[in-house]
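# Structural overview
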Amino acid sequence: MDKDNLWSNILDKIKSELNSLAYDTWFSETEIYKLDNGVAKIIVPYGIHKQHIMNNYKDLIVKYLYEETNNNYEIELLLKEEIEEEESPQLIENFENEESKEVYQISNNLLPKYTFDNFVVGNSNRFAHAAALAVAEDPGRIYNPLFIYGNSGLGKTHLMHAIGNYIVQHSNKKVLYITSEQFVNDFVSSNRKDDSGSNFNYVEFFKQKYRTIDVLIIDDIQFLGGATETQKEFFHTFNTLYEGNKQIIISSDSSPDDLKRLEDRLKTRFGWGLAVDIFPPDLELRTAIIRRKIIGEEITKPIPEEVIEYMASTISGDIRNLEGALTRLIAYSATWSTDITLPLAEEALKDYVNKGLISEKNDVARIQKIVSDYFQISVDDLRGKKRSANIAFPRQIAMYLCRKLTDESFPKIGIEFGGKDHSTVMHSCDKIEKEMKNNKELAKTIDKLEKEIH
Ligand code: ADP
Ligand code: MG
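Source: prediction; values computed, not measured. Sequence positions are assigned chain by chain, starting from 1 and proceeding in written order. As they are written, the chains are lettered A onward and the ligands numbered 1 onward, keeping that order. Per-residue local features are limited, in this predicted model, to residues with pLDDT of at least 70; the limit for side-chain atom pairs, both in listing and counting, is 80 or more; totals at the level of whole chains, interfaces and linings are taken over all residues. Water and hydrogen atoms were dropped before computing side-chain values, which therefore reflect all heavy atoms in the structure.

This next bit is on the overall build of the protein chain. Each helix and strand counted, the protein chain has 23 helices and 8 strands in total. Remark: exposure states derive from per-residue accessible area (1.4 Å probe, protein chains only) relative to the maximum for the residue type, with buried under 20%, exposed over 50%, and partly exposed in between. The buried share of the protein chain, reckoned over its 454 residues, is 48%. In the protein chain, the proportion of contacts linking residues at least 24 apart, taken out of those at least 6 apart, comes to 72%. In this description, accessible areas are obtained by the Shrake-Rupley approach with a 1.4 Å probe, and a residue is regarded as covered only by the protein chains that are shown. Working note: accessible area of the protein chain is about 23000 Å², and carbon and sulfur atoms make up 47% of it. For helices the rule is a DSSP run of H or I covering at least 4 residues; for strands it is a run of E covering at least 2, with both sets numbered from the N terminus onward. Residue contacts follow a heavy-atom distance rule, with two residues in contact if any of their heavy atoms lie within 4.5 Å.

This is the structure in structure tokens:
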């Protein structure tokens, strides 16, 4: 049994003993990192989990670990950041100890919790999701490399693991997920010398590791920047894989063209396949994600509709924030043993406001509301697909105003209008601008709306 199965068995047992709120709050986001010299290292999301679990559930974990493995383990709880520090050239050591080629067996580093099934699709990530699924179904054939980019917390890593997990489940292909920092570390350690002063074995190992896989998933490529030797090695690795029709999947915080510290020849290659961007979730997707997380994590305390609306409309930006807010709300209501209500949510999420993670107003949404009110149509219609003039015209006006009064790009505005293409937004803005010149009435209306928005 592998460690993830082991942990999931243990979680099932724990789940049957705790009420679901306690389970969700304290265990749903735990993972096992490794069993090491009699110590079970378990990853928890926040510092508060460490203390609470140690005080309340340690014996339970030890008991079930014993039931599953017949061994007594000490428990150590770690945060994700802490294991990243702990991690180092362990793979190389394996290689030193063993003789047969079998040791080239490397861990794929995939996290089973990130799948296509639990990835919620909306206007802002629809394209990226479709491209990811296409690659997962037919790796190395259609989009190579697949380059996914966007700001942090929008689901790039989730999608990449989902691709990897899908491929592993549906084929015999060898997948390797790695962050570009791990790649750099691996490369640096492959360059160290062994006792006889030669580094041959390590270099061989490095090459084997990266060049014999079928799918290379490399996350956050922007961190490859700077170290030119490493870029050179990555370039060779890329070429070998590419020429062998092996799938390469890359993520980054910016588009290939905007990657500042990367060699031109690498950027060019990244452009050979398909580059897709992920945008911040719109209101609809934020709402869907909150609902999905509530169901997925089997949170049994009812979360009233107005709380969901409050969270979706005030916590803008990225999805990691949304998850953090939800976890926080649940922990808060558990601590105070109260129902989840709007005042409780406002209180619990105060820190998010202070940290500036909540936007007090979402400009696009506000403009949509003001324009819909003015023309007496619903916001849904304004954002929707209906083409009748009494709706399409206000929609064009609203798009024009969004473009003029916010910093949002054409694609982003398109997303906020139910996933319309950026060319539609551009066309609307042009049209309104031209018409205002000849139509005094329209110019007046727009002026009035602008005043109301400010
Ligand atoms: P990134 O790599 O872009 O910084 P992540 O993939 O780490 O972002 O996503 C941050 C968190 O948000 C993760 O817990 C992820 O599962 C969750 N998440 C992101 N997008 C979605 C989505 N569309 N549906 C469900 N969860 C999502
Ligand atoms: Mg990421």
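On to the packing of aromatic side chains. Aromatic rings from Phe, Tyr and Trp, taking only the six-membered ring of Trp, are treated as a pair when their centres fall within 6.5 Å; an angle between ring planes under 30 degrees marks them as stacked, one over 60 as edge-to-face, and anything in between as tilted. Following the criterion strictly, the structure yields 13 aromatic pairs and no others. Ring geometry for phenylalanine 234 versus phenylalanine 270: centroids 6.4 Å apart, planes at 70°, classification edge-to-face. Separated by 36 residues along the polypeptide, phenylalanine 234 in helix 11 (residues 228–243) and phenylalanine 270 in helix 12 (residues 264–270) bring together distant segments of the chain. Looking at phenylalanine 270, the relative accessible area reads 0%, which means it is buried. Among the aromatic residues, those joined into a cluster by ring pairs are Phe147, Tyr149, Phe183, Tyr210, Phe234, Phe238, Tyr242, Phe270 and Trp272. Against the face of phenylalanine 410 rests arginine 403, its NZ or CZ located 4.0 Å from the ring centre. Two conditions define a charge sitting above a ring: the NZ of Lys or the CZ of Arg must be within 6 Å of the ring centre, and it must be within 35 degrees of the ring normal.

Relative to the helices and strands, glycine 419 resides in the loop between helix 21 (410–416) and helix 22 (422–438). As for glycine 419 and aspartate 282, which are separated by 137 residues in sequence, their C-alpha atoms are 9.4 Å apart. Excluding residues within four positions of it along the chain, glycine 419 makes contact with Asn123 and Gly414.

Core analysis: the biggest nonpolar cluster contains 27 residues, and Ile290, Ile303, Met311, Leu326, Leu329 and Leu349 have the highest contact counts within it. Of all the secondary-structure elements, those providing two or more residues to this core are helix 13 (283–296), helix 14 (305–314), helix 15 (319–335) and helix 16 (342–348). Residue contributions to this core peak at 7 residues, all from helix 15. In this structure, Trp26, Ile32, Tyr57 and Leu60 belong to the second largest nonpolar core, which totals 25 residues. What is meant by a nonpolar core is a set of buried Ala, Val, Leu, Ile, Met, Phe, Trp, Tyr and Cys residues, joined one to another through side-chain atoms within 4.5 Å.

Don't take any of this as a statement about function, it's just geometry.
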